[in-house]
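Working through the structure, step by step
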There are 2 protein chains.
Amino acid sequence: MAVRVDLNISLDGVASPADPSPEQPMGADWEALTAAYAATRTFRERVLGDTSGAGTTGIDDAYAAAYFEGVGAEIMGAAMFGLHTFPDDPSWTGWWGDEPPFRVPVFVLTHVPRPTLTMANGTSFEFLSVTPAEALERAEAVAGGRDVRVGGGTGVVRDFLRAGLVDRLHVSIAPIVLGKGGRLWDDVRMLAGDFTVTSETAESGTIHVTFQR
Amino acid sequence: MAVRVDLNISLDGVASPADPSPEQPMGADWEALTAAYAATRTFRERVLGDTSGAGTTGIDDAYAAAYFEGVGAEIMGAAMFGLHTFPDDPSWTGWWGDEPPFRVPVFVLTHVPRPTLTMANGTSFEFLSVTPAEALERAEAVAGGRDVRVGGGTGVVRDFLRAGLVDRLHVSIAPIVLGKGGRLWDDVRMLAGDFTVTSETAESGTIHVTFQR
């Protein structure tokens, strides 16, 4: 059982693009940041529900497929669930739709308690106001020996990294420099002695770097 | 004729490690940041004067060799020359030694005028108090149709990038996260539409990314 993180970042470490708007809720540069991942066959099938077999099948897709393998529980922040979008609407079930791609228990870190949501496809959302270590304990208890993913957003991932709770960090680096936005690496230090680091370049130009404890 | 930049940076974009000291004038993390470059046969021969043929000969060395090819003039900041180390000693000729690795005219950006230094091996140091564009004009005038390198440090490179004066930027990214120091990418934005971007992973794990206008 390992604690895993996968993030799309730019060369300057931006994981949360700046300037979100109603038209572009993930920020104006989100599409550029995630273009290679969104083009994969796995993303198209698993997240968009496109079963036509369209999409790239190279190195980017191998990482995308690995993303969904062997995970027994997920932890995410309130913003990634979508709590901040309609904070006062108790019927709002986040922006992951009726069939969220997780298909495992998801623990959402928030200061605002809400009843647990149980979706049709194995995904549930339980809302916790706890520390990263406590959330991890809860997630491991239901993961059935499989891995726990810390899904995001950027601040939540940094909290887990700084607490030393992450066993494997995989970043897909889009070869662009965004210049603004929430950066993954701020106040984080990861040296070669603490992790085995591997790097690989995909056909798209995306650079995959993996830190394995 | 092109304006070229080559820098060693960490995954979090640090090009100037923090906490320089008399024992480690380039910062405590300098060795970790530049280990793959310093291990190349080209670096050992060209910078250290080691003609034994020792050193790595793979992808890192190919970039190191290209570093020294086709450059007709160099521009650097005062700190990279070493002006800040002994600012009041006019006999101090920087820390590049009697045979600096440049072997071409070097223009040092400074607010403190000094007489030009002419070294034995084709290297000269001329001290200018001018804008990046003006320094570039001076460098191009003596480069004999070859490229001009902007050598560093980090702040000088960022000034040239922001002014749109760089035609080719190559970064050697060491797969470590330093967490502090001078960052290359601050206030810089480089999107795929403006440059052709290529990336390649070396045997050492170092990631080479090149932006070509």
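No experiment lies behind these values; they were computed from the predicted model shown.

**Observations regarding the overall build of chain A**
Scanning chain A from terminus to terminus reveals 6 helices and 11 strands. Here the C-alpha atoms of chain A give a radius of gyration of 17 Å, agreeing with the 17 Å that 2.2 N^0.38 yields for 213 residues. Across its three principal directions, the C-alpha atoms of chain A cover 45 × 40 × 35 Å. Here chain A holds 213 residues, and the buried ones make up 40% of them. Considering only contacts in chain A between residues 6 or more positions apart, those separated by 24 or more positions represent 64%.

**Topic: the sheet that holds strand S11 (residues 207–212) of chain B**
Residues and elements named next belong to chain B. Taken together, 9 strands build an open sheet; the order of strands is S5-S6-S4-S3-S7-S1-S8-S11-S10 and the sheet is mixed. Looking at strand neighbours, the two that pair on one side only are strand S5 (117–118) and strand S10 (196–201), the edges of this open sheet. Where strand S1 (residues 3–10) lies against strand S7 (residues 147–152), 2 bridges are found, and the strand directions are parallel. Its bridge partner being in S7, Val3 is matched across the sheet by Val148. Contacts from helix H1 (residues 30–38) reach S1 and strand S8 (168–174) within the one sheet, and its direction differs from that of S8 by about 110°.

**Side note on the interface of chain B and chain A**
Residue-level contacts link 24 residues of chain B with 24 residues of chain A. Of all the secondary structure elements, the ones that give two or more residues to the side of chain B that touches chain A are S10 and S11 of chain B. Ranked by residues supplied to the side of chain B that touches chain A, first place goes to S10 of chain B with 5 residues. Taken together, the residues of the side of chain B that touches chain A sort by class into 14 nonpolar, 6 polar and 4 charged.

**A look at the relation of the copies chain B and chain A**
Placing chain B over chain A gives an RMSD of 0.0 Å and needs a rotation angle of 180°, together with 0.0 Å of translation along the axis. Expressed as a symmetry operation, the mapping of one chain copy onto the other fits a two-fold axis. The residues that chain B uses at the interface reappear at the interface of chain A in 100% of cases, marking a shared surface.

**Quick word on helix H5 (residues 132–142) of chain B**
Residues and elements named next belong to chain B. Where H5 is concerned, the buried positions are Pro132, Ala135, Leu136 and Ala139. Along the axis of H5, the buried residues cluster in a sector spanning 100°; they form a single face. Of the exposed residues in H5, those oriented more than 90 degrees away from the buried face are Ala133, Glu137 and Ala141. The secondary structure elements touched by the buried residues of H5 are S1, strand S3 (71–77), strand S4 (105–109), strand S6 (124–128), S7 and helix H6 (154–162). Looking one or two residues beyond H5, the residue adopting positive phi is Gly144, at roughly 60°.

**A word on the environment of Met190 of chain B**
Within the element layout of this structure, Met190 of chain B appears in the loop between strand S9 (181–183) and S10. Spatially, the C-alpha atom of Met190 of chain B lies 8.4 Å from that of Phe211 of chain B, the residues being 21 residues apart in sequence. With residues up to four places along the chain from it excluded, the contact list for Met190 of chain B reads Ile176 and Val177 of chain A together with Phe195 and Phe211 of chain B.

**Side note on unusual backbone geometry**
Here the residue pair Gly152 of chain A and Gly153 of chain A is connected by a cis peptide bond, since its omega of 0° sits within 30 degrees of zero. Looking at the element boundaries, Gly153 of chain A is found in the loop between strand S7 (147–152) and helix H6 (154–162).

**Re the pairing of strand S4 (residues 105–109) of chain A**
All names here are of chain A. With 5 of 5 residues buried, S4 is to be regarded as a mostly interior element. Here S4 shows two buried faces, one formed by Pro105, Phe107 and Leu109 and the other by Val106 and Val108. As defined by bridge partners, strand S3 (residues 71–77) adjoins S4 across 4 bridges and the pair is classed as parallel. Bridge pairing in S4 links Glu74 to Val106. Looking at chain direction, S4 and strand S6 (residues 124–128) are connected through 5 bridges and run parallel.

**Description of the environment of Met76 of chain A**
Topologically, Met76 of chain A is positioned in strand S3. Those residues in contact with Met76 of chain A, other than ones at most four positions away along the chain, are Phe81, Val106, Val108, Gly151, Gly152 and Val156 of chain A.

**Things to note about H1 of chain B**
All names here are of chain B. Residues of H1 that are buried: Leu33, Ala36 and Tyr37. End-on, the buried residues of H1 take up no more than an arc of 115°, which puts them together on one face. Taken together, the buried residues of H1 touch S1, strand S2 (14–17), helix H2 (41–46), helix H3 (59–67) and S8.

**Some words on the pairing of S6 of chain B**
In the case of a regular strand, side chains alternate between the two sheet surfaces. Residue and element names in this part refer to chain B. As defined by bridge partners, S5 adjoins S6 across 2 bridges and the pair is classed as antiparallel. Directly across from Leu117, in S6, lies its bridge partner Phe125. In textbook terms, the turn of a hairpin is the stretch between consecutive antiparallel strands, and for S5 and S6 this stretch comprises 5 residues, one of which, Gly122, has a positive phi near 95°.

**So, the nonpolar core**
In terms of nonpolar packing, the biggest core is built from 106 residues, with Ile75 and Val108 of chain A together with Ile75 and Val108 of chain B touching the most fellow members. For Val108 of chain B, the contacting residues outside a window of four places in its chain are Met76, Ala78, Phe81, Leu83, Phe125, Glu126, Phe127 and Leu128 of chain B.

**Notes on the confidence of the model for chain A**
Looking at chain A as a whole, the pLDDT averages 92, with 100% of positions reaching at least 70. Model confidence for the complex is summarised by a pTM of 0.90, with the ipTM given as 0.85.

**Side note on the sheet that holds strand S8 (residues 168–174) of chain A**
Residue and element names in this part refer to chain A. As summarised here, the arrangement of the 9 strands in space is S5-S6-S4-S3-S7-S1-S8-S11-S10, forming an open sheet in which the pairing is mixed. Strands at the two margins of the open sheet, each flanked by one partner only, are strand S5 (117–118) and strand S10 (196–201). Where strand S1 (residues 3–10) and S8 come together, 7 bridges link them in parallel fashion. Across the sheet, residue Arg4 finds its bridge partner in S8, namely Arg168. Its contacts with the sheet place H6 against S1, S3, S4 and S7, and it is angled at close to 135° to S7.

About the cut-offs
- Residues numbered from 1 in each chain as written.
- Chains lettered and ligands numbered in written order.
- Predicted model: local features only at pLDDT ≥ 70, side-chain atom pairs only at ≥ 80, totals over all residues.
- Helix = DSSP H or I, 4+ residues; strand = E, 2+ residues; numbered from the N terminus.
- Rg over C-alpha atoms; globule rule 2.2 N^0.38 Å.
- Buried ≥ 20, exposed ≤ 12 C-beta atoms within 10 Å, placed from the backbone.
- Contact = placed C-beta atoms within 7 Å.
- Pairing = 2+ DSSP bridges.
- Axes fitted to C-alpha atoms, helices over the stretch in contact; angles between N-to-C directions.
- Nonpolar A, V, L, I, M, F, W, Y, C, P; charged D, E, K, R; others polar.
- Least-squares fit on C-alpha atoms with pLDDT ≥ 70 in both.
- Arc of directions from axis to C-beta.
- Core = buried A, V, L, I, M, F, W, Y, C linked by C-beta atoms within 7 Å.
- pLDDT = per-residue confidence, 0-100.

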